[in-house]
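Remarks on the overall topology
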Amino acid sequence: MAALDQKSPNVLLQSLCCRITGKSEAEVAHQFQYAVRVIGSNYAPTIERDEFLVSEKIKKELMKQRREADAVRFSELHRKLQTQGVLKQKWSILYLLLSLCEDPRKPSSRVGSYGALFAQPLPRDAHSTPFYCARPQSLPLSYPERAVAQNNTSMGTSGISSLGVYTFNGPSPTPQSLLVGHAPGDAMRGSRLAWALPVSASPPGGAAAAPTSRGPAGPLAPAGRVTPRHRREGDGSAEIGEVALVRDILYVFQGIDGKFIKMCSPENCYKIDTKVPLCKSLRDISSRLAELGWLHNKVRKYTDSRSLDRAFGLVGQSFCASLHQELKEYYRLLSVLHSQLQVEDDQGVNLGVDSTLTLRRLLVWTYDPKVRLKTLAALVDFCQGRKGGELASAVHAYGKTGDPNMRALVQHILGLVSHPILNFLYRWIYDGELEDTYHEFFVASDPTVKTDRLWHDKYSLRKSMIPSFITMDQARKVLLIGKSINFLHQVCHDRTSPGKILPASKAADSPKDAAELFTDLEGAFQSKIDAAYFETSKYLLDVLNKNYLLLEHLQAMRRYLLLGQGDFIRHLMDLLKPELARPATTLYQHNLTGILETAVRATNAQFDSPEILKRLDVRLLEVSPGDTGWDVFSLDYHVEGPIATVFTRECMSHYLRVFNFLWRAKRMEYILTDIWKGQMCNAKLLKSMPELSGELHQCHILASEMVHFIHQMQYYITFEVLECSWDELWNKVQQARDLDHIIAAHDVFLDTVITRCLLDTNNRSLLNQLRAIFDQIIEFQSTQDSLYRSALEELQLRLQFEERKRQRQQEGTWGVTAEEEAAENKRIQEFQDFHAKMRSELRILSYSYQGIVQQFLVLLMTSSDESLQFLSFRLDFNEHYKARDPRLRNSLGATRGRRSSNI
C-alpha cells in the first residue's frame with residue numbers, strides 16, 4: 001500500500017511541487033492545492049483547432065527569431081508528421097510546442113486584470129460589407145500580435161459582426177508570490193508549468209502585482225463573477241443568477257422571449273418581470289442589452305414584410321438584400337456567443353474571469369453592433385413608403401455623417417440599392433430600352449402617345465424618383481440620350497445600331513462600382529453621361545439636317561410665312577388683288593393655288609429646293625359674313641415626319657397668326673401706295689376745280705399721316721422684331737447641342753415675335769387699336785376713291801358741257817338753252833351738295849383716325865416693353881399728337897423716370 005501511495009497522482013504531484021519550489025512538503029501546501037485545481041479543471045484553449053494555422057504560427061515565430069534553417073526543418077518534419085498515422089491529436093502537439101516556445105517572462109503577453117481584458121479588441125469576423133480587415137482563420141494566436149495587427153489596420157470594420165471565435169491562448173503568467181525566494185534558474189524551470197495555469201488562478205492584484213515574501217493564506221477564488229455556475233435558474237426563492245440572464249439575453253438578441261425577459265406589447269419594448277428577484281444593476285444592464293433585440297425585430301419585420309412584395313421593385317429588393325446581409329453578420333455574432341456559452345455549459349466548471357460570458361462583457365462586445373442596428377432601424381423608418389430613386393435618395397441622405405463606420409455602412413447599402421438604378425440607366429442611354437415594370441426609374445414612358453408626339457409627350461422625368469446624388473442637369477441629359485435613340489429608330493427610321501453611335505461600351509458595374517460611380521458625380525459618372533449625350537445628340541442633329549433638311553425648312557418659314565421673300569410677296573399681292581377684292585364666298589382654292597405657282601415661277605422663289613416648294617400651299621380661313629378675299633387668304637406650309645417635331649401644330653398656328661398680321665400690314669402699305677398713286681395722277685386733272693382744293697389738301701395730309709404711321713410700324717415689325725429675333729434664333733440653332741435646344745430656341749423666337757407684334761393676350765388692347773387704324777386706312781381709301789370718282793365724273797361732264805357750248809358758238813347759235821343751263825346748274829348744285837358731304841366725311845375720318853392714333857400712342861407709352869415705348873416716340877417724333885392730347889404731354893423720359901422712382 002505504501003508503494004501504491006508513493007505512486008499515487010497526489011503524491012507524485014506533491015513531490016513535483018517540492019522539487020520545483022525547493023521547499024518541504026509542509027511549505028508547499030498552498031502550491032500543491034493550486035496545482036490540484038489546475039489538473040482537475042477542464043481547461044483547454046478555446047481557439048479554433050486549425051493544425052495548419054498553428055504550424056504557420058510556429059514558422060512565423062522562428063522567422064522572427066532569425067532561425068530560417070529551423071523554420072525549413074520544422075516544415076519538413078511537419079510534412080512527415082502528417083504522413084504518419086501514429087498521432088491522433090497533431091493539433092494539440094503543435095499547440096503545446098507553440099506554447100512552450102513562447103517566453104513566459106514577457107509582462108505584456110497576457111491580460112493581467114479585468115480592466116485589461118476589456119481593453120483588448122474583439123476579433124473580427126468575415127462579413128460582406130466593405131473594408132473588413134481579417135477573417136477568423138487569419139487571426140493571430142497571441143494578444144500582442146492581435147493588437148499589432150489591429151493597429152496596422154487603417155480602417156475599422158463596418159460590419160455588425162464584431163466577434164469571431166473569441167480565443168484565449170493561455171492564462172496569465174504564474175503569480176509572482178509562488179516563485180519568491182528562488183534563483184532565476186528555478187523560476188525558469190517552474191515557468192513552463194505556470195504558463196499553463198488558468199487565468200482564474202491569478203490573485204486579485206493581477207499578474208503585475210508587486211512581489212511579496214508571503215504567499216496567500218488559502219486558495220484563490222475567481223474574481224468578477226456575480227453568481228457561480230452552480231446556482232440553478234429554477235430557484236425562485238433566490239436572486240436570479242447572471243448566467244440565467246446571459247442565456248435570456250442571447251435569446252432576446254434573436255427576437256425570442258426569454259424566461260425572464262419578454263416583449264411588452266403595450267410599451268413595445270423588452271422588459272424584465274417585476275416579480276423576478278434581481279438587483280438594480282443587473283436589471284439596468286439587461287434592459288440596455290434587450291434594446292438590441294428590439295432593434296433586430298424592427299429591421300427583421302421590415303425585411304420580412306417587404307421581401308415578398310413584388311411591387312416594391314428591384315431597388316426595394318436590393319435594399320432588403322442589404323439589410324439581410326447586415327442581419328447575417330449579426331447572426332454570426334450571436335452564433336459565436338452561443339458557442340461560447342455552450343462550451344462553458346459542457347465543461348461544467350467556471351473557466352475563470354477572462355473566459356466566461358457576463359452581462360458587462362456582452363454590453364461591451366455588442367456596442368458596435370448596437371450602433372449599426374440603430375442606424376439600420378432609423379434608415380428603415382426613414383425609408384417607409386419609399387421606392388425606386390426616392391428610396392435611394394433616402395439612403396444617400398444618411399451617408400452625410402462624420403462617423404466613418406456609419407458612412408461605410410451606408411455607402412455599402414447605397415451601392416446595393418443604386419445598382420438596379422445603374423442598370424436601368426445603362427439600358428436607357430446605350431440601347432434606348434426602358435424596362436421599368438414597377439416605375440422605379442426617374443425616366444417615365446407613356447405608351448398611349450403616338451409617334452408624332454414621341455419627343456414632346458412620350459418620355460418625361462419623374463422628379464420624385466431622381467436620386468439626390470444625381471443632379472437635375474444630369475437627369476435631363478439621361479432623358480435626352482434615350483429619347484434621341486428612340487426618336488432615331490421610331491420617327492427617323494434610322495436603323496443604325498447604338499454601338500455605332502456611341503463608341504463607349506457598357507460596363508457591367510458591381511454594386512461597389514455603382515456606389516463609387518455615384519459618389520464621383522463630377523468625375524467618371526459625369527464623363528459617361530456627357531460622352532453618351534454629345535455623341536447621340538450630334539448624330540441626331542446630323543440626321544435631321546442632312547436627311548430631312550431641318551435648317552432649310554426653318555429658312556423657308558422665314559421667307560414665305562414671315563414675308564422675308566420680298567419680290568415674291570409683292571408679285572403675289574399684285575396677282576391676287578383682283579381675286580381677293582371679291583367676296584370670300586366666291587373664292588376657289590385651286591384658282592389661288594395656280595396664282596401662287598405663277599408667282600413662284602416669276603420670282604427668285606423658283607430657285608428654292610423642290611422639297612420646299614412642294615410644301616408651300618394656299619389656305620382659306622373660316623369665312624364670316626361680309627369678309628372679302630383679303631380677310632380669309634393665307635399661305636400654308638405642310639410639315640410631317642421628323643421636322644414636325646420642331647414645327648408642331650401649335651407652332652404652325654403661331655406662324656399662321658403672324659402671317660395674317662404681317663399680310664394685313666403689308667396690305668395697308670399696298671393700299672397707301674395706291675392712294676398716293678391716285679393723288680399724284682389726279683392732282684393736275686382737278687386743278688380746274690378750285691372748290692376741291694381744301695378736300696384734296698386734307699386728303700394729302702391724312703394720307704401722309706397714314707403713310708408715316710405704316711412705314712414706322714413696318715420698320716418696327718421688320719427690323720426690330722423679325723430680323724433681330726431671327727438673328728438670335730439662327731445663332732442659337734447653330735450652337736445647339738441637342739434637339740431640345742433647337743425646339744426651345746424656336747419656341748422663344750415665336751413667343752417673342754407674337755409678343756412684340758402685339759398678338760398676345762397682354763397686348764390685346766393695342767392690337768385692337770392697331771386694327772382700328774387699319775380699318776380707318778381702308779375706309780379712307782374708299783372715301784378718297786369715291787371723291788375722285790365723283791370729281792372726275794363732274795369734271796368730265798363740265799368739259800363736255802363746255803365743249804358743246806363752244807361748238808354751238810362756232811356754228812353761230814346760242815351756246816346753251818335755258819333748259820340746258822338749268823339742268824347744268826342743278827347738276828352743279830348736286831355736286832356741291834355731294835362735295836359738302838364728302839368734306840364732312842373726310843373731317844370725321846381725320847378726327848377719328850387721329851383719336852385712335854392718340855389712344856394707341858398712350859397705350860404704347862404705358863407699355864412695359866421699352867421697344868414699344870420707343871415706337872411711340874418715333875410715331876410722334878414732331879409731337880403733332882402730343883399737342884392735341886394732354887395725356888401725351890408727359891414725355892417718355894419723365895414716364896420712365898417716374899416708373900423707376902416708384903420701383
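The preceding data block contains the structure.
The rules behind the values
Residues numbered from 1 in each chain as written. Predicted model: local features only at pLDDT ≥ 70, side-chain atom pairs only at ≥ 80, totals over all residues. Heavy atoms only, no water. Helix = DSSP H or I, 4+ residues; strand = E, 2+ residues; numbered from the N terminus. Buried < 20%, exposed > 50% of the residue type's maximum accessible area, 1.4 Å probe, protein only. Contact = heavy atoms within 4.5 Å. Areas by Shrake-Rupley, 256 points an atom, 1.4 Å probe, with all protein chains shown as cover. Patch = residues over 30% accessible without salt bridge, like charges linked within 9 Å, V, L, I, M, F, W, Y side chains within 5 Å. Salt bridge = Lys/Arg side-chain N within 4 Å of Asp/Glu carboxyl O. Pairing = 2+ DSSP bridges. Polar contact = N/O pair within 3.5 Å; in protein donor to acceptor, adjacent residues only side chain to side chain. Lys, Arg positive; Asp, Glu negative; His and termini not counted. Phe/Tyr/Trp six-rings, centres within 6.5 Å; stacked < 30°, edge-to-face > 60°.

This part covers the overall build of the chain. Helices and strands together make up the secondary structure of the chain, namely 34 helices and 6 strands. Within the chain, the fraction of its 903 residues that count as buried is 46%. Long-range pairs, those at least 24 residues apart, make up 74% of the contacts in the chain between residues at least 6 apart in sequence. Put simply, the chain shows about 45,200 Å² of open surface, and 54% of that area lies on carbon and sulfur atoms.

So, on to a nonpolar patch on the surface. A cluster of nonpolar side chains, namely V86, L87, I93, L96, L97 and L100, defines an oily patch on the protein surface of about 500 Å² accessible area. In this structure, L87 sits in the loop between helix 5 (68-83) and helix 6 (90-101).

Time to look at the pairing of strand 6 (residues 633-637). For strand 6, the buried fraction is high: 5 of the 5 residues fall into the buried class. Neither face of strand 6 is exposed, since F633, L635 and Y637 on one face and S634 and D636 on the opposite face are all buried. Summarising the sheet, strand 5 (residues 616-620) and strand 6 pair through 5 bridges and their orientation is antiparallel. Each residue of the ladder has a partner; that of L616, found in strand 6, is Y637.

For the coordinates displayed, the defined rule picks out 41 salt bridges. As a salt-bridge pair, D431 and R427 come within 4.0 Å of each other at their nearest N and O atoms. Placement of both D431 and R427 in helix 16 (residues 404-431) is noted, with a separation of 4 residues, approximately one turn of the helix. By relative accessible area, D431 is classed as partly exposed at 25%. Put simply, D542 and K538 hold a salt bridge, and the shortest N to O gap is 3.4 Å. Here D542 pairs with K538, and both are found in helix 21 (residues 524-547), just 4 residues apart, close to one helical turn.

With respect to the helices, strands and loops of the structure, T358 is situated in the loop between helix 12 (313-347) and helix 13 (359-365). Of the polar contacts made by the side chain of T358, one reaches the backbone nitrogen of R361; its length is 3.1 Å.

With that out of the way, let us pick up the pairing of strand 1 (residues 261-264). A regular strand places its side chains so that they alternate between the two faces of the sheet. Here strand 1 runs beside strand 2 (residues 269-272); their pairing, made up of 4 bridges, is antiparallel. Counterpart to K262 in the pairing with strand 2 is K271. Hairpin geometry of strand 1 and strand 2 is characterised by an intervening segment of 4 residues between the two adjacent antiparallel strands and by a positive phi of about 55 degrees at N268.

In this structure, D636 sits in strand 6. Salt bridges are absent for the buried D636, whose nearest opposite-charge side chain, R619, sits at 4.5 Å. The contact partners of D636, leaving out residues within four places of it in the chain, are L561, R615, L616, D617 and R619.

All told, the structure shown has 18 aromatic pairs when counted by the stated rule. Seen from their ring centres, Y715 and F719 are 5.1 Å apart, and the 40 degrees between their planes marks the pair as tilted. In this pair, Y715 and F719 are both assigned in helix 28 (residues 693-735), 4 residues apart and thus about one turn of the helix distant. Ring geometry for W726 and W730: centres 5.7 Å apart, planes at 25 degrees, overall stacked. Pair noted here: W726 and W730 are both in helix 28, with a separation of 4 residues, about one helical turn.

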